[in-house]
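# Breakdown of the fold
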Amino acid sequence: MVYGAINEKGERWYTQMGRVFDAIHDKQTEYNWLITDIECVPRKIEELCYGKDFCWVTGEELTKIVRENDSQWAWAVLSGFDKSITLSEIMQYPKPYADGYKGFWKNPLSMQHPLAVIEIVPWDNSLTLFFSKREALANDFLKFFPFSKELSDYNSRT
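Summary of the structure given here. (Residues numbered from 1 in each chain as written. Predicted model: local features only at pLDDT ≥ 70, side-chain atom pairs only at ≥ 80, totals over all residues. Heavy atoms only, no water.)

## Brief notes about the overall build of the protein
A count of helices and strands for the protein gives six helices and seven strands. Counting helices and strands in the order they occur from the N terminus, the protein gives β-α-β-α-β-α-β-α-β-β-α-β-α. What you see for the protein is a C-alpha radius of gyration of 14 Å, in line with the 15 Å of a compact globule of 158 residues. Overall, the protein is about 40 × 30 × 30 Å in size when its C-alpha atoms are taken along their principal axes. Burial status across the protein gives 49% buried among its 158 residues. Partitioning the contacts of the protein with sequence separation of at least 6, the portion at a separation of at least 24 is 70%. Of the accessible surface of the protein, which amounts to about 7,900 Å², a share of 49% is contributed by carbon and sulfur atoms. (Helix = DSSP H or I, 4+ residues; strand = E, 2+ residues; numbered from the N terminus. Rg over C-alpha atoms; globule rule 2.2 N^0.38 Å. Buried < 20%, exposed > 50% of the residue type's maximum accessible area, 1.4 Å probe, protein only. Contact = heavy atoms within 4.5 Å. Areas by Shrake-Rupley, 256 points an atom, 1.4 Å probe, with all protein chains shown as cover.)

## Considerations on the nonpolar core
Counting residues in each nonpolar core, the largest one holds 29 residues, and the members touching the most others are Ile35, Ile45, Leu62, Trp73, Leu78, Ile120 and Phe130. Filtering out sequence-adjacent residues up to four positions away, phenylalanine 130 remains in contact with Tyr3, Gly4, Ala5, Val20, Ile24, Ile118, Glu119, Ile120, Leu137, Ala138 and Phe141. With 17 residues, the next largest nonpolar core counts Ile6, Trp75, Phe104 and Val121 among its residues. (Core = buried A, V, L, I, M, F, W, Y, C linked by side-chain atoms within 4.5 Å.)

## What to know about the sheet that holds strand E2 (residues 31-39)
One open sheet accounts for seven strands, arranged E3-E2-E4-E5-E6-E1-E7; its pairing is antiparallel. Either end of the sheet is taken by a strand with one partner, and the two such strands are strand E3 (54-58) and strand E7 (149-150). Bridge analysis of strand E4 (residues 75-82) against strand E5 (residues 118-123) gives four bridges, and the strand direction is antiparallel. If you follow leucine 78 over to E5, its bridge partner there is isoleucine 120. Each of E2, E3 and E4 touches helix H3 (residues 59-68); the most contacted strand, E3, lies at about 100 degrees to it. (Pairing = 2+ DSSP bridges. Axes fitted to C-alpha atoms, helices over the stretch in contact; angles between N-to-C directions.)

## Structural notes on the side chain of threonine 15
On the secondary structure map, threonine 15 appears in the loop between strand E1 (3-7) and helix H1 (17-23). Residue class for threonine 15 comes out buried when judged on its relative accessible area of 0%. Only 2.7 Å separates the side chain of threonine 15 from the backbone oxygen of tryptophan 73, close enough to count as a polar contact. Looking at threonine 15, its side chain comes within polar contact range of the side chain of asparagine 125, at 3.5 Å. Those residues in contact with threonine 15 that sit more than four places away from it in its chain are Ser71, Gln72, Trp73, Pro122, Trp123, Asn125, Ser126, Leu127 and Thr128. (Polar contact = N/O pair within 3.5 Å; in protein donor to acceptor, adjacent residues only side chain to side chain.)

## Topic: the layout of surface pockets
Considering only enclosed or pocket space, the largest pocket measures out at about 150 Å³ in volume. Along the walls of the largest pocket sit 13 residues, with Val2, Tyr3, Gly4, Glu150 and Ser152 positioned nearest its centre. At the level of secondary structure, the elements contributing two or more residues to the lining of the largest pocket comprise E1, helix H5 (135-144) and helix H6 (151-157). Residue contributions to the lining of the largest pocket peak at four residues, all from H5. Partitioned by chemical class, the residues of the lining of the largest pocket number eight nonpolar, three polar and two charged. (1 Å grid on protein atoms, 1.4 Å probe; cavity = no way out; pocket = protein on both sides within 12 Å on 5 of 7 lines; lining within 4 Å. Points joined across faces, edges and corners; volume = space filled by probe spheres on them. Nonpolar A, V, L, I, M, F, W, Y, C, P; charged D, E, K, R; others polar.)

Right, here's the structure in full:
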């Protein structure tokens, strides 16, 4: 099962990953991350991805980058994978994308990458979508951002 949340109210900035990492108690360090559909992200991420349409970083590397510069992300999909899964296994599937992906707004919730455990989507600087196969992570996100909503409920009302 996939659990999801949307944060679009009550924050000065919606797409700062440092706050998301705080929400999930730095559990991002437990995963390796494929970052795709990148637009206007922190400079270090752009440098790592230069000439490619994705980045592959450890959770520790991603945390260090974000803690050094917690600026907003305009667009991206951050897909977290158990560290036992290799990049070659991951690249056998289409790369996740944010802008124009209609699946975010449909129930039942799903993640774009079938091997991912968690996906975080900074959406046009205006909201963050959070998906996880681990209910506790989604609950932590919802608790940290008091105006966030369960995404399945949000999708049901539209």
